[in-house]
Amino acid sequence: QVQLVESGGGLVQAGGSLRLSCVASGGTFSDRGMGWFRQAPGKEREFVATITGSGDFASYGDSVKGRFTIARDNAKNTVYLQMNSVTPEDTAVYYCAADYRHSSSAYYSVISDEYDYWGQGTQVTVSS
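Now for a description of the structure that goes with this document. (Residues numbered from 1 in each chain as written. Predicted model: local features only at pLDDT ≥ 70, side-chain atom pairs only at ≥ 80, totals over all residues. Heavy atoms only, no water.)

**Some thoughts on the nonpolar core**
Okay, step 1: Grouped together as the largest cluster of nonpolar side chains are 28 residues, with contacts concentrated most on Met34, Trp36, Leu81, Met83 and Tyr94.
Okay, step 2: Within the residue set of this core, elements represented by two or more residues are β3 (18-25), β4 (34-39), β5 (46-51), β7 (68-73), β8 (78-83), β9 (92-98) and β11 (122-127). (Core = buried A, V, L, I, M, F, W, Y, C linked by side-chain atoms within 4.5 Å. Buried < 20%, exposed > 50% of the residue type's maximum accessible area, 1.4 Å probe, protein only. Helix = DSSP H or I, 4+ residues; strand = E, 2+ residues; numbered from the N terminus.)

This is the structure in structure tokens:
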């Protein structure tokens, strides 16, 4: 059973930075696409970023492009989300997700339904 554990959330002022981490266990990692999604109160889950198993390719949601960076360390089974220049609109619960239906180091997805495992989420609150 794959488990994902996020950490790094908290309260940050607008314009500040935060780095989220997600540690995976219970399965292979380097051949799995990983993603970050977020959900704000009263809103649908939103795609934030995704990265291939190799770490060579990534994609970002329009609202975070140029401010957030996704990266991974396969030796540590960990994926990161570096959040810079945050705004109150970035306030949400952030979820890490793993794609275990596509066994490839070169695949990623922006669609939440293509992810098989999810973490419990970590709250990020940006104050103005």
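**Here's the deal with a nonpolar patch on the surface**
Okay, step 1: A surface patch of nonpolar side chains, about 360 Å² in accessible area, is lined by Phe57, Tyr108, Val110 and Ile111.
Okay, step 2: With respect to the element layout, Ile111 can be found in the loop between β9 and β10 (117-118). (Patch = residues over 30% accessible without salt bridge, like charges linked within 9 Å, V, L, I, M, F, W, Y side chains within 5 Å. Areas by Shrake-Rupley, 256 points an atom, 1.4 Å probe, with all protein chains shown as cover. Salt bridge = Lys/Arg side-chain N within 4 Å of Asp/Glu carboxyl O.)

**Some details on the packing of aromatic side chains**
Okay, step 1: Here the structure, examined in full by the defined rule, presents five aromatic pairs.
Okay, step 2: Consider the rings of Phe37 and Tyr115, whose centres lie 5.4 Å apart with planes at 75°: the pair is edge-to-face. Of this pair, Phe37 sits in strand β4 while Tyr115 sits in the loop between β9 and β10, placing them 78 residues apart in sequence.
Okay, step 3: Here the aromatic rings of Tyr115 and Trp118 are separated by 6.2 Å at their centres, their planes lie at 65°, and the arrangement is edge-to-face.
Okay, step 4: An aromatic cluster of three or more residues is present, and its members are Phe37, Phe47, Tyr115 and Trp118.
Okay, step 5: Against the face of Tyr95 rests Arg45, its NZ or CZ located 4.6 Å from the ring centre.
Okay, step 6: In this structure, Arg45 is placed above the aromatic ring of Trp118, and the distance from its NZ or CZ to the ring centre is 4.3 Å. (Phe/Tyr/Trp six-rings, centres within 6.5 Å; stacked < 30°, edge-to-face > 60°. Lys NZ or Arg CZ within 6 Å of the ring centre and 35° of its normal.)

**Considerations on the state of the cysteines**
Okay, step 1: Tallied over the entire structure, the rule returns one disulfide.
Okay, step 2: For Cys22, the disulfide goes to Cys96, at an S-S distance of 2.1 Å. Judged by the sign of its S-S torsion, about -75°, the cystine formed by Cys22 and Cys96 is left-handed. Taken together, the residues span a long stretch of sequence, with Cys22 in strand β3 and Cys96 in strand β9 at a distance of 74 residues.
Okay, step 3: Judged by relative accessible area, which is 0%, Cys22 ranks as buried. (Disulfide = S-S within 2.5 Å.)

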